[in-house]
Amino acid sequence: MIRVLLVDDHPVVRRGLRAMVDDLPDVEAVGEAADGAAALALLDELDTRPDVVLMDLQMGSGMHGVEATRRITALPSPPAVLILTTYSTDADILAAVEAGATGYLLKDAPPEEVAAAVHAAARGETVLAPPVAARLLGRVRAGRPTLSPREAEILQLLAEGLANRQISKRLFISEATVKTHLVHIYDKLGVDSRTSAIAAGLSTGLIRPAAS
């Protein structure tokens, strides 16, 4: 029996995922959490850790999926973390992979694809949704600028309007480190300002538009 923990800030989504899991004969949902911090707390409470965590990326004001994934995969004998999200930008994908995610699926995937991914993740296999794999392959073939996962994360936060000090607090790094990353970002994108970097990131699909 594959044990799954569901992490998403929308109760309706969690309900749908639980219904899907309950329909599978060899999979059971052992808990639900509305953000990353709640997921970590629940992992400490469970007698037996789940085999797979189905993790959303953006969860309101709570701990987001990338940070939660990073902390979960750092645990002794961690469960596999399978990202299930609506976001497919390079920044999101690279940050999740760097954090240790076993797979990356989009929420519009059919139930049978999600079920197959859960089984594959439980076996320790890497799973990428076809659109995600195609996006990464297209970037390699096109030779477009590639940022490191941390650089992409910082550029995304810039697009969301955060100042250097806010970014340093969000990522638990110094302001000097943020500035160093910005220098590298500007150099890779061939720009000389925050506004130009954001525009370049959006036009090339490195980051997603900030939520309105």
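Residues numbered from 1 in each chain as written. Predicted model: local features only at pLDDT ≥ 70, side-chain atom pairs only at ≥ 80, totals over all residues. Heavy atoms only, no water.

1. Overview of the side chain of Glu-151
Tracing the backbone shows Glu-151 in helix 7 (residues 149–159). Looking at Glu-151, the relative accessible area reads 5%, which means it is buried. Engagement of the side chain of Glu-151 in a polar contact is seen with the side chain of Lys-188, the distance being 2.8 Å. If we skip the residues at most four places from it in the chain, Glu-151 touches His-181, His-184, Ile-185 and Lys-188. (Helix = DSSP H or I, 4+ residues; strand = E, 2+ residues; numbered from the N terminus. Buried < 20%, exposed > 50% of the residue type's maximum accessible area, 1.4 Å probe, protein only. Polar contact = N/O pair within 3.5 Å; in protein donor to acceptor, adjacent residues only side chain to side chain. Contact = heavy atoms within 4.5 Å.)

2. Things to note about the nonpolar core
Formed by 51 residues in total, the largest nonpolar core has its most connected members in Met-55 and Val-118. With 6 residues, the top contributor of residues to this core is helix 5 (residues 111–122). Those residues within four positions of Met-55 in sequence are excluded, and the remaining contacts are Val-7, Gly-65, Ala-68, Thr-69, Ile-72, Val-81, Leu-82, Ile-83 and Leu-84. Of all hydrophobic cores here, the second largest spans 23 residues; its members include Ala-91, Leu-171, Ile-198 and Leu-206. (Core = buried A, V, L, I, M, F, W, Y, C linked by side-chain atoms within 4.5 Å.)

So far we have only geometry, and geometry alone does not tell us how the molecule works.
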